[in-house]
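# Structural features, examined
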Amino acid sequence: MNNKNILKNIGIAMFMKPISMILSFIYTPMALAFLGDTRYGVWAIILNIVSWISIFDIGIGNGMRNRLAEAYAENNQEDAQTYVSTAYMATAIMSIAFFIIINVLWNFLNLNDFFQLNVPGENTDLVISVSVFFVCVNFVLSLSKTAAYSIQKSGATSVTGAIGQAFQIVVLFVLSRCMRQSLLAVAIMYGCVSLVENLLLYGYITKEKAYLKPKLSKIKAHHMKSMMTLGIGFFIM
């Protein structure tokens, strides 16, 4: 374990923390001013609803993080790429299933009325569908953050996170000059920014460690069982 690298990442995280807080303080009143009280409240509820998806990774994220850390410590690039590829495949399948199931249940059970999300002039069903789509895509791509922690590059997640926050502020400023109160515009903006953030991190870690790029030929089902067993064990503890 490289203690110097660990201290470097801790230093980056400590430096980026106040920057992230400042950006958050700037973004929140801007979003409230753009959406207004009613739409901002509805948007907060939508974010909470779609964020539940990330809970149901059945231990894959934690399992990959620990198995990848072991492979990285042993400089076993073969196993590292296998664990990454298998985890991406599993989360991609889960994301597709989540997207279909949530959209079907949302419309069949009329959950829009249940959560009281109806807003005049807004198609909140479409907003939910767009939000779920981006959450499912980013659910897969967020494995780059898990990989970054495994290879002692946690500082990079802090940097890309701050870049994403800054990008949100810029886009929201542009939106406020071009249109008025649109939940759909904010949903697209939020999803796209998260997408860019994850792709930036993915590009960074795979540029340094090419074996972290997933490959179909490296997918192995028995590695999935190993990751899930370990991941669920950590979750229970």
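Located above this text is the structure these notes cover.
My aim in this report is to walk through the structure given alongside it, one point at a time. (Residues numbered from 1 in each chain as written. Predicted model: local features only at pLDDT ≥ 70, side-chain atom pairs only at ≥ 80, totals over all residues. Heavy atoms only, no water.)

So, on to the side chain of Arg39. The topology assignment puts Arg39 in helix α1 (residues 3-51). A polar contact of 3.0 Å, which involves the side chain of Arg39, links it to the backbone oxygen of Pro120. If we ignore the near neighbours within four places in the chain, the residues touching Arg39 are Val119, Pro120, Glu122, Gln181 and Leu183. (Helix = DSSP H or I, 4+ residues; strand = E, 2+ residues; numbered from the N terminus. Polar contact = N/O pair within 3.5 Å; in protein donor to acceptor, adjacent residues only side chain to side chain. Contact = heavy atoms within 4.5 Å.)

Moving on to the packing of aromatic side chains. Two numbers describe a pair of aromatic rings. These are the distance of the centres and the angle of the planes. A full pass over the atoms with the stated rule returns six aromatic pairs. Arranged with centres 6.1 Å apart and planes meeting at 75°, the rings of Phe99 and Phe133 form a pair that is edge-to-face. In this pair, Phe99 is assigned in helix α3 (residues 77-108) and Phe133 in helix α5 (residues 124-141), connecting sequence segments 34 residues apart. Look at Phe133 and you get partly exposed, because its relative accessible area is 41%. (Phe/Tyr/Trp six-rings, centres within 6.5 Å; stacked < 30°, edge-to-face > 60°. Buried < 20%, exposed > 50% of the residue type's maximum accessible area, 1.4 Å probe, protein only.)

A pair of packed helices is captured by two measures, namely the crossing angle of their axes and the spacing between those axes. The geometry of helix α2 (residues 60-73) relative to α3 is characterised by a closest axis approach of 9 Å and an angle of 170° between their N-to-C directions. When the axis of α2 is compared with that of α3, the two are roughly antiparallel. Along its contact with α2, which presents Ile60, Met64, Arg67, Leu68 and Ala71, the element α3 presents Asp79, Ala80, Tyr83, Val84, Ala87, Ala90, Thr91 and Met94. Among the residues making up the contact of α2 with α3, the classes are represented as 10 nonpolar, one polar and two charged. (Axes fitted to C-alpha atoms, helices over the stretch in contact; angles between N-to-C directions. Parallel < 35°, antiparallel > 145°, perpendicular 65-115°, else oblique. Nonpolar A, V, L, I, M, F, W, Y, C, P; charged D, E, K, R; others polar.)

To continue, consider the nonpolar core. Nonpolar side chains tend to gather and get buried jointly when the protein is soluble and globular. With 53 residues, the main nonpolar core has Trp43 and Ile46 as its most contacted residues. Contributions of two or more residues to this core are made by α1, α2, α3, α5, α6 (143-150), α7 (154-178) and α8 (183-208). Setting aside residues up to four positions removed in sequence, Ile46 forms contacts with Leu117, Val127, Ile128 and Ser131. (Core = buried A, V, L, I, M, F, W, Y, C linked by side-chain atoms within 4.5 Å.)

Moving on: unusual backbone geometry. Unusually for a residue other than glycine, Gln152 sits at a positive phi of about 60°. You can see Gln152 is positioned in the loop between α6 and α7. A relative accessible area of 17% places Gln152 in the buried class. The phi torsion at Gln181 lies on the positive side, around 30°, for a residue other than glycine. Mapped onto the elements of the fold, Gln181 is located in the loop between α7 and α8.

Our focus in this paragraph is the pattern of salt bridges. Side chains carrying opposite charge are able to pair once their charged atoms draw close together. The tally for this structure, following the rule as stated, stands at five salt bridges. In this structure, the salt-bridge partner of Lys218 is Glu78, at a minimum N-O distance of 2.7 Å. In this pair, Lys218 is assigned in the loop between α8 and α9 (221-236) and Glu78 in helix α3, connecting sequence segments 140 residues apart. On the accessibility criterion, Lys218 (17% relative accessible area) is buried. Since its relative accessible area comes to 43%, Glu78 is described here as partly exposed. As a salt-bridge pair, Glu208 and Lys153 come within 3.1 Å of each other at their nearest N and O atoms. (Salt bridge = Lys/Arg side-chain N within 4 Å of Asp/Glu carboxyl O.)

As a packed pair, α7 and α8 sit with axes 9 Å apart at the nearest point and diverge in direction by 150°. Of the possible angle classes, the one that applies to α7 and α8 is roughly antiparallel. Once α7 is placed against α8, the crossing between them reads as right-handed. Together, Ala156, Thr157, Thr160, Gly161, Ile163, Gly164, Phe167, Gln168, Val171, Leu172 and Leu175 of α7 and Ala185, Met189, Tyr190, Val193, Val196, Glu197, Leu200, Leu201 and Tyr204 of α8 make up the contact between the two elements. (Left-handed = near helix turned anticlockwise from the far one by under 90°.)

Scope: geometric values only; no functional claims are made or implied.
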